[in-house]
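A structural walkthrough
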Amino acid sequence: MSRRAVIVGVATSDYPNLPDFSEHQVHAQAAERALADAGLDFGDVDGFATAGFFPMYAVGVCEYLGLRPHHVDETNFGGASFEVLVEHAASAIEAGVCETVLVTYGSVQLSAMGRRLGTGGPSAPPSGPAAFDALWGNTLVGNYALAARRHMHEFGTASEQLAEIAVAMRAHAANNPMAQYRDPISVEDVLESRMIADPLHMLDCCVISDGGGACVVTTEERARDLQRPAVYLLGAAHALTHHMNVSQMPDLTVTAAAQSGPLAFRRAGLSPSDVDTLQVYDSFTITVLLSLEDLGFCAKGEGGAFVEAGRLQVGGGLPTNTDGGGLSACHPGMRGMFLIVEAVRQLRGQSVNQVDGARVAVAHGTGGMLSTGATLILGTEVP
Amino acid sequence: MSEQRPPKPRPAPGMDPETEPYWKATHDGRLLVQRCLPNGHHQLYPRWRCLRCRGEVGWVEASGRGTVYSFTIIRQNFSRSFKHLIPYVVALVELEEGPRLMTNIVGCPPEDVIVGMPVQVTFEPVSDEVSLALFQPAQ
């Protein structure tokens, strides 16, 4: 019988504001909680994965946590890293390289920003390929605004439609006691919020938070003795279109999800119509809209109409980001781990916005400047 | 606090052997693109070989004409090099030769910029050694 990897433990750390935490403490708190959720402890872990912004980052977190694993992975795919790390963890487990992989994420981006404010020193001038996009005063929001503007031009997408996405996430955040913002908002509230980079308003943008999460991947056989029902990894894939230079993105309205989504669905033997709930990267409202089209939930150009009438809310056709998402609940920089945690909670019936009878959930991360995409298709059973 | 600090000059590119010819040319008021020898494909930024046919490449001067592929009006940027320029237009311009270039659109109110608008290159010095290729509405 072939080995099959399953997810047996998930947790978030405390969030969204952790002024008394170091980044390592966020990893540790999330790790401890995810292992406890699984009914395992650090001694059971023989594989470890995380993503951060320094070389040998995973080795540093292993040292901090006192782990000596024989599978270590720190593939950095930006916000989509954790979907890739879980895909790799499953491959390693199924190949017999290791038994139990702990995947963690930790960030104190919000608190660190406060400490650094006004003290930013000179940075080296951008050189090489990076210089070509870096000299024009563009911002992170501006890159996504370029995609939004192009989508509006090609398909007639309206700001009101993008706003529907932010409204849906906020409606979900209202039921999440940990969420950074919980007061309901309307389409008008989004349109009247300050313009940051046309056509994206402040409420089209994710929040900036501290926080982290962790998940535990092991074998189906091992999971039989554990307390939680195993969540199956039915299909996974990742892809990229470019790095940080959005000028190199072949088509500003087509993301890496157009490659990773269909591949992951094919590997799972499922299609978008089989999906009960979607946890998708929502750095900006446009990120969600492009991902919906590219993953195949609607045709290219029809995302605007698709998200209308509360389709993304619980009770709508495709309940999305049921924890409140990065737009309202928590966005510490690389949110991909939170997507996995919420997808697993939905499949266990533990979400604060539970979708009745959810059996198939998708977690799709986007990283960089719309650069990378990674899709996980999770289920309560093997179809 | 940071509100009162004076603006800084626009950032200039760091040079390396591969990109230096491009930046030296923009300083001399010429916009270069790479062109492959076998098939005449154009590309930017510069690479070792043509990404379409893997052929050898060399530099040629571009016409400087293009259209706005997409744009945004930046209304928030805390960088001291740009804060005083707000609101300003960041755009991707598709050159006549094909490659897309990140740039600023100048010479018209930000609100007048539209996708598909014809534009032409203009050069703005940012230091004694470097001028950058910006674009303005075509005459």
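Residues numbered from 1 in each chain as written. Chains lettered and ligands numbered in written order. Predicted model: local features only at pLDDT ≥ 70, side-chain atom pairs only at ≥ 80, totals over all residues. Heavy atoms only, no water.

Counting from both sides, the interface comprises 37 residues of chain B and, opposite them, 36 residues of chain A. For the chain B and chain A pair, buried surface summed over both sides reaches about 3,100 Å², with 62% attributable to carbon and sulfur atoms. When the buried surface of chain B facing chain A is broken down by residue, B:Tyr45, B:Tyr69 and B:Met102 rank first, second and third, together holding 22% of it. Counting across the chain B and chain A interface gives 1 salt bridge. Between B:Arg75 and A:Asp198 there is a salt bridge, and its shortest N-O distance comes to 2.7 Å. Of all the elements, strand S4 (residues 65-74) of chain B adds the most residues to the side of chain B that touches chain A, at 6 residues. Of the residues contributing to the side of chain B that touches chain A, the split by class is 23 nonpolar, 8 polar and 6 charged. (Contact = heavy atoms within 4.5 Å. Buried area = accessible area lost by both parts, 1.4 Å probe. Salt bridge = Lys/Arg side-chain N within 4 Å of Asp/Glu carboxyl O. Helix = DSSP H or I, 4+ residues; strand = E, 2+ residues; numbered from the N terminus. Nonpolar A, V, L, I, M, F, W, Y, C, P; charged D, E, K, R; others polar.)

We now examine the pattern of salt bridges. All names here are of chain A. Evaluation of the coordinates by the stated rule reveals 16 salt bridges over all chains. One salt bridge in this structure joins Glu381 and Arg359, with 2.1 Å as the shortest N-O distance. One end of the pair, Glu381, is in the segment after strand S11 (372-379); the other, Arg359, is in the loop between helix H14 (336-348) and strand S10 (360-367), and 22 residues separate them in sequence. Overall, Glu381 belongs to the partly exposed group, its relative accessible area being 38%. Judged by its relative accessible area of 47%, Arg359 is partly exposed. (Buried < 20%, exposed > 50% of the residue type's maximum accessible area, 1.4 Å probe, protein only.)

Before going further, it helps to examine the sheet that holds strand S3 (residues 57-61) of chain B. Residue and element names in this part refer to chain B. Pairing is antiparallel across the open sheet formed by 3 strands, whose spatial order is S2-S1-S3. The outermost strands of the open sheet, each flanked by one partner alone, are strand S2 (42-43) and S3. As judged from the 5 bridges shared by strand S1 (residues 32-36) and S3, these two strands associate in the antiparallel manner. Bridged to Cys36 within S3 is Val57. (Pairing = 2+ DSSP bridges.)

This next bit is on the confidence of the model for chain A. Caution is warranted with low-pLDDT regions, since their predicted coordinates should not be read in detail. Here chain A shows a mean pLDDT of 96. Residues at 70 or above account for 97%. Within the model, pLDDT remains below 50 along residues 117-121 of chain A, and this stretch shows 3 contacts once partners closer than five positions in the same chain are excluded. (pLDDT = per-residue confidence, 0-100.)

What follows deals with the packing of helix H7 (residues 159-173) of chain A against helix H11 (residues 285-295) of chain A. All names here are of chain A. At a minimum axis distance of 9 Å, the contact between H7 and H11 shows a crossing angle of 100°. Put simply, H7 runs roughly perpendicular to H11. Mapping the contact onto sequence places Leu162, Ile165 and Ala166 in H7 and Thr285, Ile286, Val288 and Leu289 in H11. Residue composition of the contact of H7 with H11, grouped by class: 6 nonpolar, 1 polar and no charged. (Axes fitted to C-alpha atoms, helices over the stretch in contact; angles between N-to-C directions. Parallel < 35°, antiparallel > 145°, perpendicular 65-115°, else oblique.)

Below, the discussion takes up the confidence of the model for chain B. Per-chain confidence: chain B averages 95 in pLDDT, with 97% of residues scoring 70 or above. Both scores are given for the predicted complex: the pTM is 0.97, the ipTM 0.96.

Quick look at the sheet that holds strand S2 (residues 47-50) of chain A now. All names here are of chain A. An order of S3-S2-S4-S7-S1-S8-S11-S10-S9 is seen for the 9 strands of this open sheet, with the pairing classed as mixed. Edge strands, defined here as strands with exactly one partner in the open sheet, are strand S3 (71-73) and strand S9 (277-280). Here the average twist between neighbouring strands, direction ignored, is 25°. Summarising the sheet, strand S8 (residues 231-240) and S11 pair through 8 bridges and their orientation is antiparallel. Pairing of Leu233 across the sheet is with Leu378, part of S11.

Residue and element names in this part refer to chain A. A cluster of acidic side chains, namely Glu160, Glu188, Asp189 and Glu192, defines a negative patch on the protein surface. Take Asp189: it is sitting in helix H8 (residues 187-192). Judged by relative accessible area, which is 33%, Asp189 ranks as partly exposed. (Patch = residues over 30% accessible without salt bridge, like charges linked within 9 Å, V, L, I, M, F, W, Y side chains within 5 Å. Areas by Shrake-Rupley, 256 points an atom, 1.4 Å probe, with all protein chains shown as cover. Lys, Arg positive; Asp, Glu negative; His and termini not counted. Charge placed at Lys NZ, Arg CZ, Asp CG, Glu CD.)

Here the focus is the packing of aromatic side chains. Counted according to the given criterion, the structure contains 11 aromatic pairs over all chains. Ring geometry for A:Phe132 against B:Tyr22: centres 4.8 Å apart, planes inclined by 50°, an arrangement best described as tilted. Of this pair, A:Phe132 sits in helix H5 (residues 131-134) while B:Tyr22 sits in helix H1 (residues 20-27), placing the two residues on different chains. The burial state of A:Phe132 is the same as that of B:Tyr22; both residues are buried. One aromatic cluster is present, built from ring pairs that chain together A:Phe132, B:Tyr22, B:Trp23, B:Tyr45 and B:Trp59. Across the ring face of B:Tyr45, the terminal group of B:Arg47 is positioned such that the distance to the ring centre comes to 3.7 Å. (Phe/Tyr/Trp six-rings, centres within 6.5 Å; stacked < 30°, edge-to-face > 60°. Lys NZ or Arg CZ within 6 Å of the ring centre and 35° of its normal.)

Here the amide bond leading from A:Asp198 into A:Pro199 is cis, since omega sits at 5°, within 30 degrees of zero. Within the secondary structure, A:Pro199 is located in the loop between strand S5 (195-197) and strand S6 (200-201). A cis geometry characterises the amide bond from B:Leu44 onward to B:Tyr45, with omega recorded as -10°. Inspection of the secondary structure puts B:Tyr45 in the loop between S2 and S3. Its identity is not glycine, yet A:Ala309 carries a phi of approximately 60°, on the positive side. Positionally, A:Ala309 belongs in the loop between helix H12 (303-306) and helix H13 (325-329). Unusually for a residue other than glycine, B:Arg54 sits at a positive phi of about 65°. If you trace the backbone, B:Arg54 turns up in the loop between S2 and S3.

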